[in-house]
Amino acid sequence: MNKKIWYPLLAVSTLLSAWAHFYTSIQPLQFGTACLSLLFWAALLGKATESVAHYAGERIGGFLNATFGNAAELIIAIFLVKEGLFDMVKASITGSIIGNLLLVLGLSMFVGGVKYKTQNFNPVLAGHNASLMMLSVIALFVPAAFLTDPTRVTAQEDITVSVIIAVALILAYILWLIFSLVTHRKEMGASVDGMVDGIENEEHAIWSKWGSILVLVISTTFVAIQSEWLVHSVQSVAHTLGWTEMFVGAFLIAIIGNAAEHSAAIFLAMKNRMGAAVEIAIGSSLQIALFVAPMLVFVSLLFNRPMDLVFTNYEVAAVAVSALIASSVSRDGSTNWYEGILLLLVYVILGTVFFIV
Amino acid sequence: MNKKIWYPLLAVSTLLSAWAHFYTSIQPLQFGTACLSLLFWAALLGKATESVAHYAGERIGGFLNATFGNAAELIIAIFLVKEGLFDMVKASITGSIIGNLLLVLGLSMFVGGVKYKTQNFNPVLAGHNASLMMLSVIALFVPAAFLTDPTRVTAQEDITVSVIIAVALILAYILWLIFSLVTHRKEMGASVDGMVDGIENEEHAIWSKWGSILVLVISTTFVAIQSEWLVHSVQSVAHTLGWTEMFVGAFLIAIIGNAAEHSAAIFLAMKNRMGAAVEIAIGSSLQIALFVAPMLVFVSLLFNRPMDLVFTNYEVAAVAVSALIASSVSRDGSTNWYEGILLLLVYVILGTVFFIV
Amino acid sequence: MNKKIWYPLLAVSTLLSAWAHFYTSIQPLQFGTACLSLLFWAALLGKATESVAHYAGERIGGFLNATFGNAAELIIAIFLVKEGLFDMVKASITGSIIGNLLLVLGLSMFVGGVKYKTQNFNPVLAGHNASLMMLSVIALFVPAAFLTDPTRVTAQEDITVSVIIAVALILAYILWLIFSLVTHRKEMGASVDGMVDGIENEEHAIWSKWGSILVLVISTTFVAIQSEWLVHSVQSVAHTLGWTEMFVGAFLIAIIGNAAEHSAAIFLAMKNRMGAAVEIAIGSSLQIALFVAPMLVFVSLLFNRPMDLVFTNYEVAAVAVSALIASSVSRDGSTNWYEGILLLLVYVILGTVFFIV
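Worth saying up front: this structure is predicted, and the values here are computed from it rather than measured. (Residues numbered from 1 in each chain as written. Chains lettered and ligands numbered in written order. Predicted model: local features only at pLDDT ≥ 70, side-chain atom pairs only at ≥ 80, totals over all residues. Heavy atoms only, no water.)

(A) Inspection of unusual backbone geometry at higher detail. The phi torsion at Asn 272 of chain A lies on the positive side, around 65°, for a residue other than glycine. Within the element layout of this structure, Asn 272 of chain A appears in the loop between α10 (259–270) and α11 (274–302). Asn 272 of chain A gets classed as partly exposed once you look at its relative accessible area, which sits at 22%. Located in the positive-phi region is Asn 304 of chain B, a residue other than glycine, with phi close to 60°. When its relative accessible area of 68% is taken as the criterion, Asn 304 of chain B is described as exposed. (Helix = DSSP H or I, 4+ residues; strand = E, 2+ residues; numbered from the N terminus. Buried < 20%, exposed > 50% of the residue type's maximum accessible area, 1.4 Å probe, protein only.)

Here it is, written out as structure tokens:
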């Protein structure tokens, strides 16, 4: 799109959304304007991510993006925990994980695959991601399988186990950062960088190194603000349409909350940088499972309203199914449009049953 | 076998079976003659498939075989749906999937592996097959996991979800054909064809190109006819022996209905064309899950007797177990006799519990 | 450690343990001395295994070690079966499998990975091991899934199915030995041996060929004796601490019973012989699932106290979870410290819930 039109549109949509939020109470208007503005900011975030990745290497760029992208979700979830809406929190955690693994990854593979016959990325990284997803599924599955018999497990033991699992997950996350960014940085990034170098040289960076980082920070901030406004209004809009809280949490909030990863990953996939796109999608769902979910357990303790990690069987089944198909598809470090379609179809099937149950 | 004896035996056994079916009511005689005749026709089908594959390339040959092989099962299942015998239909769908994944694939790997130390095929194709099997398992698992609580799901919602899942499965199947035969035909077939070329040149085609296709069509037709006669008589034979409908549907009907894939796959495995053998076995079970099962849902709507896709937990467990072990064994694109034994042992274990439960 | 101190310490700790066992009844003393002595014998076993492996090749060495290491567990389990303590037997089988897959393998990968950046082994072997683990999980899962409905399955049918599954498991085990040691010996061992040859030549064997075997046999014998004494005393020690039988069987007995594999595998991992370490850890858990568990079913028939193979849902879940994460981590034939941490974290999570449930 022409730059002369693009930046004014960004500014106008943001001002419109702010006006609707602060000076009106017409929820559909708030929803529509926030949606429009979010689209522009997410697109800018995509550009900024690419630019930072250009300077920082694919992995760091992907990691930064996943971090900033999930900031919005973490903030929303903390407010939900504060008000004791644990079912809503767990549904949005579930929805963010399956949304990233199926919708974001599926759309990236499909859109990228339509343009490029086969897209490749570091299979070693994909293998590690699969193992980490397995750990996440196990961490969600174990409390649901072992702690739901009230004749054997007390409420206190329930919280104790949840805290121990939360500590294990945070530990796995921190050590993963040390592993991938310090001790094995070269192994994790090497083959991707080498693969992309040829393409990179043709591109021109839009902003300078620090300029890119500034744009990244600003656009992430606005994506977070707009996400919150949008989620705020979408809830009442959804209730008037008669949708369940579980469906709203797992699909509507999650889709909107992940719009940033969404557009960034698809932009990268269209530029044949599938490694970074996969990193955003899978990295983001890993961060939710290994970082956001356990952090919320600790936050709930601070609020003196302890939340456990016992998800419903429906949620565990949905996450397990998503992790299995996503790791099956991405395991070989090579993707195509059909693999994207497979993930999207599973997303539609899960969406259908969550809508009805 | 000498051709001078072979073709007369084919003709005689077919005439005997037809006579037993139309002019007698002695069920064991109908069963025996149909069995014998089926053996010859299936062998001819194997030869014809090989010959067509010689002209069309391995994948198309394998695909054609899987299509014709499942025609018999589709016809039988449609009659069962028409009479509302949904449990029998689902048991035979389950049985066909696990029969192909465990019995046909297991026997092919074992028989081929006894002759050749290691047999190789395209691992990219194996990876895609594994992902598609995963989709099939998910499609079977999701309704069984989400729709069995009658307090949350109405009968109407049950059918609605089943139809949506059926549409998703058919879509996955059609797009898979476009993917493997149009957009990525070369990638899916290349390494297999390259691998086999050396062997191919030594062989002489028995029939001309169109002659092969004609023999393929005729032999498939007769395999279908004989399968139906055989299934017709085997049911009452089984009932006199005191076997359950579930065991008959899942094992007896499925084994006999898949005799075509069975012998064709084993013939190919013995000729060291494991790629085509795997394509027949896995391709056939995929076609049942992604094409036959959803088609039967639509057919049931036409008959005004809507059938859902809620399988029993036993059936879901059996399919999941089969898909896991089959994809674990075939994932690396290399097979040996021991991997065949593993699949056969799992088949025996499942057969035992289905017989008793 | 200096040899001049080491052997006297071994002798003294063994004599102390024997004295405590035969001439005192102070259980904590028996426990402490047996523990100390076991440590030395297990270390000697590690040395002997390495030395034998030096002469026999990695696989045979690893196999021998797994065999001798599980002798202790088999003997203990037979005594438990004789007394009809089936829940304890099943808990210790479960615990040995997950202990080998998570604790032994995890520690080996972590300790080896701290010293060497990446450790490699034969991925073909890893693929076969994964398929065999899958068979073990299926064999444990099928009775738990199909035989727990008392309205459909009689006690007699329960035993019949268990015996059939036991025969299938033993058959899989015997054929696996034929496969890996006779028909495909070269393929299974080749790449590992080739990889290690360079390192091997630098080492000096401590003992002669037959000397090594003698030390292996003697040390295995004493490890078994000390394990039994230790288990004998640890049970009453545990009971005074208020631990459940399930936790004691699955974690305490299993950890101590596997001390041999434990130290041997870690020693090998530290010498960068990850192939042998993985062979010990996974091979040992396979041997328990495919050999020890079915043997105990047959032994129970001899005692006229038939034991079935129906494990609790908790046990099946724990074994399935362990097999999934272990095969995900080892599938690529390459390990690092982080993959070890992942396995250890899952072990801690499972230990926590088993302690509480």
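(B) The arrangement of the interface of chain B and chain A in detail. Listed per partner, the contact involves 29 residues of chain B and 25 residues of chain A. Each partner contributes to the roughly 2700 Å² buried at the junction of chain B and chain A, and carbon and sulfur atoms together form 77% of this total. When the buried area of chain B at its contact with chain A is split by residue, Ile 138, Phe 146 and Arg 152 of chain B rank highest and sum to 23% of it. For the interface between chain B and chain A, the tally reads one residue pair in polar contact (both at pLDDT 80 or more). Contributing elements (two or more residues each) for the side of chain B that touches chain A: α5 (123–146) and α6 (155–183) of chain B. In terms of residues, the side of chain B that touches chain A owes the most to one element, α6 of chain B, which gives 13 residues. Across the side of chain B that touches chain A, the residue classes break down as 20 nonpolar, four polar and five charged. (Contact = heavy atoms within 4.5 Å. Buried area = accessible area lost by both parts, 1.4 Å probe. Polar contact = N/O pair within 3.5 Å; in protein donor to acceptor, adjacent residues only side chain to side chain. Nonpolar A, V, L, I, M, F, W, Y, C, P; charged D, E, K, R; others polar.)

(C) Examining the packing of aromatic side chains more closely. In this structure the tally under the stated criterion is 30 aromatic pairs over all chains. Consider the rings of Trp 337 of chain A and Tyr 338 of chain A, whose centres lie 5.8 Å apart with planes at 90°: the pair is edge-to-face. For Trp 337 of chain A, a relative accessible area of 10% puts it in the buried group. By relative accessible area, Tyr 338 of chain A is classed as buried at 0%. Among the aromatic residues, those joined into a cluster by ring pairs are Trp 176 and Phe 179 of chain A together with Trp 337 and Tyr 338 of chain C. (Phe/Tyr/Trp six-rings, centres within 6.5 Å; stacked < 30°, edge-to-face > 60°.)

(D) Seen up close, the pattern of salt bridges. All names here are of chain A. By the definition in use, this model includes three salt bridges over all chains. In this structure, Asp 308 engages Lys 90 in a salt bridge whose closest nitrogen and oxygen atoms are separated by 2.7 Å. Pair noted here: Asp 308 is in the loop between α11 and α12 (313–330) and Lys 90 is in helix α4 (residues 86–115), with a separation of 218 residues, a long-range link. Note on Asp 308: relative accessible area 17%, which makes it buried. (Salt bridge = Lys/Arg side-chain N within 4 Å of Asp/Glu carboxyl O.)

(E) Local environment of the relation of the copies chain C and chain A. Least-squares fitting of chain C to chain A yields an RMSD of 0.1 Å, with the superposition described by an axial translation of 0.0 Å and a rotation of 120°. Such a combination of turn and shift is consistent with a three-fold rotation axis. Little of the interface of chain C is mirrored in chain A, where only 4% of its interface residues again form contacts. (Least-squares fit on C-alpha atoms with pLDDT ≥ 70 in both.)

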